[in-house]
Amino acid sequence: MSNWELIMPGGGLTALGMGGIVLSYGGIAHTFIDGLHALSGLLFFLGLIFLSTGILDGGVSTSNRTKATVLVVISIVLAFGAAGFIGSIVTQALIKEGIEVLSVDNLSRGHRLAIAEGTTFYRISIGDGPALEKLFEQFKVDAVIHLAGFNQVGESVENPALYYSNNLRDGLTLLEAMHRCGISKMIFSSSAAVYGTPNQTPISEEHPIVPMNPYGDTKARMENALFWYGQAYGFQ
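Residues numbered from 1 in each chain as written. Predicted model: local features only at pLDDT ≥ 70, side-chain atom pairs only at ≥ 80, totals over all residues. Heavy atoms only, no water.

1. As for the overall build of the chain
Then comes step 1: Of regular secondary structure, the chain possesses seven helices and nine strands.
Then comes step 2: Taken over 236 residues, the chain has a buried fraction of 47%.
Then comes step 3: Roughly 11900 Å² of accessible area belongs to the chain as shown, and the carbon and sulfur atoms make up 53% of that amount. (Helix = DSSP H or I, 4+ residues; strand = E, 2+ residues; numbered from the N terminus. Buried < 20%, exposed > 50% of the residue type's maximum accessible area, 1.4 Å probe, protein only. Areas by Shrake-Rupley, 256 points an atom, 1.4 Å probe, with all protein chains shown as cover.)

So this is what it looks like as C-alpha coordinates:
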(Lines give C-alpha, C1' and ligand atoms only; values in the text may rest on other atoms or scores of the structure.)
Protein backbone atom coordinates (compact mmCIF):
# COMPACT_ATOMS: atom_id res chain seq x y z
CA MET A 1 0.00 0.00 0.00
CA SER A 2 1.29 3.46 -0.85
CA ASN A 3 2.07 5.81 1.99
CA TRP A 4 -0.19 8.80 2.11
CA GLU A 5 -0.93 11.67 4.42
CA LEU A 6 -3.45 14.48 4.43
CA ILE A 7 -2.81 17.46 6.64
CA MET A 8 -5.39 20.11 7.36
CA PRO A 9 -4.06 23.63 7.91
CA GLY A 10 -2.89 23.64 11.51
CA GLY A 11 -2.39 19.87 11.49
CA GLY A 12 -5.95 19.08 12.54
CA LEU A 13 -6.54 16.04 10.38
CA THR A 14 -4.03 13.35 9.59
CA ALA A 15 -4.61 10.08 7.76
CA LEU A 16 -1.77 7.62 7.33
CA GLY A 17 -1.34 4.44 5.33
CA MET A 18 1.88 2.48 5.76
CA GLY A 19 1.48 -1.17 4.80
CA GLY A 20 -1.84 -1.03 6.61
CA ILE A 21 -4.21 1.75 7.57
CA VAL A 22 -3.91 3.94 10.62
CA LEU A 23 -6.36 6.78 10.96
CA SER A 24 -6.11 9.55 13.49
CA TYR A 25 -8.07 12.72 13.98
CA GLY A 26 -6.63 15.03 16.61
CA GLY A 27 -7.84 14.13 20.08
CA ILE A 28 -10.86 12.27 18.75
CA ALA A 29 -8.82 9.56 17.02
CA HIS A 30 -9.31 6.92 19.69
CA THR A 31 -13.04 7.48 19.73
CA PHE A 32 -13.22 6.52 16.06
CA ILE A 33 -10.78 3.65 16.31
CA ASP A 34 -12.32 2.13 19.41
CA GLY A 35 -15.96 2.96 18.66
CA LEU A 36 -18.61 0.57 17.45
CA HIS A 37 -18.41 2.03 13.95
CA ALA A 38 -14.65 2.37 13.97
CA LEU A 39 -13.91 4.41 10.84
CA SER A 40 -17.31 5.79 9.90
CA GLY A 41 -17.03 9.23 11.49
CA LEU A 42 -13.62 9.98 10.03
CA LEU A 43 -14.56 8.71 6.59
CA PHE A 44 -17.57 11.03 6.55
CA PHE A 45 -15.30 13.93 7.45
CA LEU A 46 -12.82 13.00 4.73
CA GLY A 47 -15.69 12.87 2.26
CA LEU A 48 -16.75 16.33 3.33
CA ILE A 49 -13.25 17.67 2.64
CA PHE A 50 -13.20 16.16 -0.84
CA LEU A 51 -16.67 17.50 -1.63
CA SER A 52 -15.70 20.94 -0.38
CA THR A 53 -12.47 21.27 -2.34
CA GLY A 54 -12.82 19.02 -5.35
CA ILE A 55 -9.02 19.06 -5.67
CA LEU A 56 -6.32 17.13 -3.86
CA ASP A 57 -2.78 17.99 -4.94
CA GLY A 58 -0.11 15.34 -4.44
CA GLY A 59 -0.91 13.10 -1.51
CA VAL A 60 0.20 9.79 -3.06
CA SER A 61 3.70 8.41 -2.86
CA THR A 62 5.22 4.97 -3.38
CA SER A 63 8.31 5.84 -1.38
CA ASN A 64 8.49 8.70 1.08
CA ARG A 65 5.39 10.00 2.78
CA THR A 66 3.90 12.90 0.83
CA LYS A 67 2.02 15.72 2.49
CA ALA A 68 -0.84 17.53 0.80
CA THR A 69 -2.44 20.64 2.23
CA VAL A 70 -6.18 20.75 1.70
CA LEU A 71 -7.88 24.12 1.76
CA VAL A 72 -11.45 23.88 2.99
CA VAL A 73 -13.84 26.78 2.54
CA ILE A 74 -17.15 25.94 4.14
CA SER A 75 -19.83 28.26 5.48
CA ILE A 76 -22.23 25.94 7.27
CA VAL A 77 -22.71 22.18 7.39
CA LEU A 78 -26.13 20.81 8.24
CA ALA A 79 -26.01 17.42 9.98
CA PHE A 80 -29.16 15.29 10.00
CA GLY A 81 -29.26 12.57 12.63
CA ALA A 82 -26.97 14.64 14.86
CA ALA A 83 -28.43 13.12 18.04
CA GLY A 84 -27.29 9.62 17.08
CA PHE A 85 -24.01 7.85 17.83
CA ILE A 86 -22.14 8.62 14.61
CA GLY A 87 -23.92 11.94 14.10
CA SER A 88 -22.79 13.28 17.45
CA ILE A 89 -19.16 12.27 16.81
CA VAL A 90 -19.11 13.76 13.31
CA THR A 91 -20.61 16.98 14.63
CA GLN A 92 -17.95 17.24 17.34
CA ALA A 93 -15.21 16.66 14.76
CA LEU A 94 -16.50 19.41 12.48
CA ILE A 95 -16.85 21.89 15.33
CA LYS A 96 -13.30 21.14 16.44
CA GLU A 97 -12.10 22.13 12.96
CA GLY A 98 -13.87 25.48 13.28
CA ILE A 99 -16.74 24.59 10.95
CA GLU A 100 -20.18 25.91 11.86
CA VAL A 101 -22.68 23.07 12.21
CA LEU A 102 -26.45 23.06 12.41
CA SER A 103 -27.63 19.89 14.17
CA VAL A 104 -30.96 18.45 13.04
CA ASP A 105 -32.77 15.45 14.49
CA ASN A 106 -36.40 14.60 15.17
CA LEU A 107 -35.33 12.70 18.33
CA SER A 108 -37.46 9.69 17.39
CA ARG A 109 -34.37 7.57 18.09
CA GLY A 110 -31.61 10.01 18.94
CA HIS A 111 -30.94 11.61 22.31
CA ARG A 112 -31.05 15.33 23.01
CA LEU A 113 -28.08 15.03 25.36
CA ALA A 114 -25.96 13.70 22.48
CA ILE A 115 -26.18 17.00 20.60
CA ALA A 116 -22.70 18.52 20.64
CA GLU A 117 -22.01 21.76 22.45
CA GLY A 118 -21.29 24.66 20.17
CA THR A 119 -23.97 23.79 17.64
CA THR A 120 -27.51 25.04 17.13
CA PHE A 121 -30.13 22.29 17.36
CA TYR A 122 -33.33 22.06 15.32
CA ARG A 123 -35.93 19.37 15.94
CA ILE A 124 -37.03 18.71 12.38
CA SER A 125 -37.77 15.56 10.39
CA ILE A 126 -36.11 14.97 7.02
CA GLY A 127 -39.62 14.37 5.70
CA ASP A 128 -40.82 17.88 6.56
CA GLY A 129 -40.18 19.60 3.25
CA PRO A 130 -41.44 23.10 4.18
CA ALA A 131 -39.40 23.14 7.42
CA LEU A 132 -36.30 21.98 5.55
CA GLU A 133 -36.65 24.68 2.91
CA LYS A 134 -37.15 27.32 5.58
CA LEU A 135 -33.93 26.19 7.27
CA PHE A 136 -32.00 26.12 3.99
CA GLU A 137 -33.22 29.58 3.08
CA GLN A 138 -32.40 31.01 6.51
CA PHE A 139 -28.76 29.88 6.48
CA LYS A 140 -26.07 29.64 3.84
CA VAL A 141 -25.73 25.86 3.95
CA ASP A 142 -22.79 24.51 1.95
CA ALA A 143 -23.19 20.79 2.55
CA VAL A 144 -25.55 18.27 4.13
CA ILE A 145 -24.60 15.14 6.05
CA HIS A 146 -27.46 12.61 6.04
CA LEU A 147 -27.24 10.21 8.98
CA ALA A 148 -30.95 10.10 9.78
CA GLY A 149 -31.88 6.70 8.36
CA PHE A 150 -33.26 3.82 10.41
CA ASN A 151 -30.76 0.95 10.47
CA GLN A 152 -32.17 -2.27 11.96
CA VAL A 153 -32.34 -5.15 9.47
CA GLY A 154 -34.77 -7.25 11.51
CA GLU A 155 -37.10 -4.34 12.12
CA SER A 156 -37.10 -3.51 8.41
CA VAL A 157 -38.30 -7.04 7.61
CA GLU A 158 -41.03 -6.87 10.25
CA ASN A 159 -42.11 -3.34 9.34
CA PRO A 160 -40.96 -2.46 5.80
CA ALA A 161 -43.41 0.45 5.57
CA LEU A 162 -41.50 2.26 8.32
CA TYR A 163 -38.23 1.95 6.41
CA TYR A 164 -39.57 2.89 2.99
CA SER A 165 -41.27 5.93 4.49
CA ASN A 166 -38.34 7.19 6.59
CA ASN A 167 -35.29 6.05 4.63
CA LEU A 168 -36.59 6.42 1.10
CA ARG A 169 -39.62 8.71 0.94
CA ASP A 170 -38.31 11.18 3.52
CA GLY A 171 -34.79 10.90 2.11
CA LEU A 172 -36.13 11.93 -1.30
CA THR A 173 -37.95 14.83 0.36
CA LEU A 174 -34.61 15.99 1.73
CA LEU A 175 -32.98 15.70 -1.70
CA GLU A 176 -35.74 17.70 -3.34
CA ALA A 177 -35.61 20.43 -0.68
CA MET A 178 -31.86 20.70 -1.24
CA HIS A 179 -32.35 20.91 -4.99
CA ARG A 180 -34.99 23.63 -4.75
CA CYS A 181 -32.72 25.67 -2.47
CA GLY A 182 -29.59 25.26 -4.59
CA ILE A 183 -27.67 22.94 -2.24
CA SER A 184 -25.89 20.13 -4.07
CA LYS A 185 -23.33 18.61 -1.68
CA MET A 186 -24.34 15.62 0.42
CA ILE A 187 -22.55 12.95 2.40
CA PHE A 188 -24.94 10.01 2.64
CA SER A 189 -24.66 7.23 5.19
CA SER A 190 -25.22 4.06 3.20
CA SER A 191 -24.64 0.46 4.31
CA ALA A 192 -22.90 -2.77 3.34
CA ALA A 193 -26.43 -4.21 3.40
CA VAL A 194 -26.80 -2.99 -0.20
CA TYR A 195 -24.53 -5.89 -1.25
CA GLY A 196 -26.66 -8.64 0.30
CA THR A 197 -24.74 -11.83 1.00
CA PRO A 198 -21.21 -11.01 -0.24
CA ASN A 199 -19.46 -13.16 -2.82
CA GLN A 200 -16.15 -12.41 -1.13
CA THR A 201 -14.67 -10.44 1.73
CA PRO A 202 -13.53 -7.80 2.04
CA ILE A 203 -16.31 -6.40 -0.13
CA SER A 204 -15.23 -4.07 -2.93
CA GLU A 205 -17.44 -1.31 -4.30
CA GLU A 206 -17.58 -3.27 -7.57
CA HIS A 207 -19.57 -6.00 -5.82
CA PRO A 208 -23.10 -6.42 -7.29
CA ILE A 209 -25.84 -4.46 -5.52
CA VAL A 210 -28.28 -7.16 -4.41
CA PRO A 211 -29.93 -6.14 -1.12
CA MET A 212 -31.77 -8.92 0.69
CA ASN A 213 -33.92 -6.92 3.09
CA PRO A 214 -35.90 -3.66 3.09
CA TYR A 215 -33.20 -1.80 5.00
CA GLY A 216 -30.55 -2.57 2.38
CA ASP A 217 -33.02 -1.90 -0.41
CA THR A 218 -33.84 1.59 0.87
CA LYS A 219 -30.14 2.42 1.05
CA ALA A 220 -29.54 1.14 -2.48
CA ARG A 221 -32.48 3.15 -3.82
CA MET A 222 -31.18 6.31 -2.17
CA GLU A 223 -27.77 5.69 -3.74
CA ASN A 224 -29.47 5.42 -7.13
CA ALA A 225 -31.38 8.65 -6.53
CA LEU A 226 -28.16 10.46 -5.60
CA PHE A 227 -26.51 9.17 -8.77
CA TRP A 228 -29.31 10.50 -10.99
CA TYR A 229 -29.48 13.80 -9.09
CA GLY A 230 -25.78 14.07 -9.81
CA GLN A 231 -26.33 13.44 -13.50
CA ALA A 232 -29.22 15.87 -13.81
CA TYR A 233 -28.50 18.56 -11.22
CA GLY A 234 -24.81 18.33 -10.48
CA PHE A 235 -25.18 16.82 -7.02
CA GLN A 236 -21.90 15.72 -5.44
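More follows now that the structure is in view.
2. Focus: the packing of aromatic side chains
Then comes step 1: One pass over the full model with this rule turns up six aromatic pairs.
Then comes step 2: Arranged with centres 5.1 Å apart and planes meeting at 75 degrees, the rings of Tyr 229 and Tyr 233 form a pair that is edge-to-face. Residue Tyr 229 and its partner Tyr 233 are both found in helix H7 (residues 214-233); the two are separated by four residues, about one turn of the helix.
Then comes step 3: Given the relative accessible area of 15%, Tyr 229 is considered buried.
Then comes step 4: Residue class for Tyr 233 comes out partly exposed when judged on its relative accessible area of 43%.
Then comes step 5: Taken together, the ring pairs in this structure connect Phe 150, Tyr 163 and Tyr 215 into an aromatic cluster. (Phe/Tyr/Trp six-rings, centres within 6.5 Å; stacked < 30°, edge-to-face > 60°.)

3. Some remarks on the nonpolar core
Then comes step 1: In this structure, Leu 78, Phe 80, Phe 136, Val 144 and Leu 174 are the most contacted members of the largest nonpolar core, which totals 28 residues.
Then comes step 2: Counting only elements with at least two residues in this core, the list comes to strand S5 (76-80), strand S6 (100-104), helix H4 (129-138), helix H6 (160-180), strand S9 (186-188) and H7.
Then comes step 3: Ranked by the residues each element gives to this core, the list is headed by H6, at five residues.
Then comes step 4: Ignoring anything within four residues of it in the chain, the contact list for Val 144 reads Leu 78, Phe 80, Phe 136, Leu 174, Met 178, Ile 183, Lys 185, Met 186 and Ile 187. (Core = buried A, V, L, I, M, F, W, Y, C linked by side-chain atoms within 4.5 Å. Contact = heavy atoms within 4.5 Å.)

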